[in-house]
Amino acid sequence: MSSQWLSKAFMKKICENPKIKLRSLIKKAHSKWNVDLTMTKAARVKQQALDEINDTYGEQYRRIHDYAAELLRPMIGLDGCFIKTPYGSQLLTAIGWDPNDQILPIAYVVVEAETKDSWRWFLLNLCDDLGVDKIRWWSDNRQIIVTYAGEILPKINKKIEREFDKGGEWLAIYAGRDKYEVSSSQGNRAKFVVDLNLHECSCRKFQLTGYPCEHAMSCIRKMCLDVKNYTENDDVLPPVFRKPIGRPKLRRNKTGDEPRNNGPLSKLARTGQQQKCSYCFALGHNKRTCPRKRKMEAAAKKAKKGAKKGAGTTRTPKPNKIPAKTTTQPATRLQPKRKSSTQVGGSQESQTSSKRARCSSSASQPQPSIATVTSPSRRSLRFMAKTPPRAWKALG
């Protein structure tokens, strides 16, 4: 989805809350369209929507002349009716028609009867209060302006002709880029800078009035330009928004008779007011001192403690999964002594007899239970690699 489409979709939401957070826009887009927005794209969507909203406000400023013309409605309606009272009087009213197409009461009077004399008296007083002579003058001028064929209004045209005549007393020197240096032709040291492109003069009369001043008229006369091109009134624009420095104030500005300290007089007291609990909706206490809430919290704490105790009694210890290690003691390596040839035969016989004795003794004696290990440890493997097989037999 493009940022332009999203800005139009979020237009109403941002118009209601211009300070909406970007994360809320991201959540809304994810829940509604299943689209994941980044923070940069959400900021771009919000800025485009704000620009569109501010442009609509600027358009309202441009139409301020239309609003002024709509307010000038020279229409007053007159009417009379009877009043149901024991005295039987009449009510005479003068009403207006406002721009919202609604009736606006101007004046009313209660008279004995609806006659020419009563109407005459009522209208004379109404004309004195409203100033009918001024209203007639305004209405006549309005008709003249509506039927006027020129591009510049008569009074403005007279002022421009007066400034044009004064422009002959000044000398204009071209300085480049539609800028001129204007000095007096009567020996005066006054000098002014005129920029015809920006409709500006250093005397600031050109910017304030909207039509050329005498200094600008001297430049227009020198270059033989048309005055009408420099008398166009621009549209009314909104003022430039300036964000104040620092944090925005949260407290209102107090008047001179209000206390400014932070003591007990700075806030309104609640004495004499009946409190209402937002938890149980009972009168006489608040949520902080609610007895029902305290009972519920105490019961919840007891339930949590009981659950913890029950979980502790039913817990079984885990079996030890570490296999038993067999300790092997290194056997001492004995070097055999050399024997003579006469003792070889006797030694062989003694060895066979000793082996038989060992076998018989091992069979008669009960053998201890030895834990069998499926795979030898690294330490035992290293020992077996270093020692000869004779030492293995000694271990057996």
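Residues numbered from 1 in each chain as written. Predicted model: local features only at pLDDT ≥ 70, side-chain atom pairs only at ≥ 80, totals over all residues. Heavy atoms only, no water.

An unreviewed UniProt entry annotates the protein chain as SWIM-type domain-containing protein originating from Arachis hypogaea.

S.K.: An account of the packing of aromatic side chains is requested, with residue identities and associated values reported.
M.R.: Each aromatic ring pair is summarised here by two numbers: the centre-to-centre distance and the angle between the ring planes. Summed over all chains, the structure comprises 5 aromatic pairs. For the pair Trp5 and Trp33, a centre-to-centre distance of 5.3 Å together with 70 degrees between the ring planes defines the contact as edge-to-face. Taken as a pair, Trp5 in helix H1 (residues 3–9) and Trp33 in helix H3 (residues 22–33) lie far apart in primary sequence, 28 residues in all. Their ring planes at 70 degrees and their centres at 5.7 Å tell us that Phe10 and Trp33 sit as a pair that is edge-to-face. Of this pair, Phe10 sits in the loop between H1 and helix H2 (11–16) while Trp33 sits in helix H3, placing them 23 residues apart in sequence. Judged by relative accessible area, which is 3%, Phe10 ranks as buried. You can call Trp33 partly exposed: its relative accessible area is 23%. Three or more aromatic residues joined by ring pairs make a cluster, and in this case those are Trp5, Phe10 and Trp33. (Phe/Tyr/Trp six-rings, centres within 6.5 Å; stacked < 30°, edge-to-face > 60°. Helix = DSSP H or I, 4+ residues; strand = E, 2+ residues; numbered from the N terminus. Buried < 20%, exposed > 50% of the residue type's maximum accessible area, 1.4 Å probe, protein only.)

S.K.: I'd love a proper account of the UniProt feature "domain: SWIM-type" (unreviewed entry) in the protein chain, names of residues and values included.
M.R.: Per the UniProt entry, the sites bearing "domain: SWIM-type" (unreviewed entry) are residues 192–224 in this numbering. Taken end to end, residues 192–224 comprises 45% helix and 18% strand; its first and last C-alpha atoms sit 20 Å apart. (UniProt positions renumbered as here; feature names shortened; annotations may be inferred.)

S.K.: Describe the nonpolar core, naming the residues involved and giving the relevant values.
M.R.: If you look at the biggest cluster of nonpolar residues, it comprises 19 residues, and the most contacted ones within it are Val194, Leu196 and Cys219. Secondary structure elements with two or more residues in this core: strand S4 (170–176), strand S5 (179–184), strand S6 (191–195) and helix H10 (214–223). The residues contacting Val194, other than those within four sequence positions of it, are Asp178, Lys179, Tyr180, Val182, Glu200, Cys201, His215, Ala216 and Cys219. (Core = buried A, V, L, I, M, F, W, Y, C linked by side-chain atoms within 4.5 Å. Contact = heavy atoms within 4.5 Å.)

S.K.: An account of the sheet that holds S5 is requested, with residue identities and associated values reported.
M.R.: With antiparallel pairing, the 4 strands of this open sheet are ordered in space as S4-S5-S6-S7. The two strands at the open ends of the sheet, each matched to only one other strand, are S4 and strand S7 (200–201). Most of the contacts of H10 go to S4, to which it runs at about 70 degrees, and overall it touches S4, S5, S6 and S7. (Pairing = 2+ DSSP bridges. Axes fitted to C-alpha atoms, helices over the stretch in contact; angles between N-to-C directions.)

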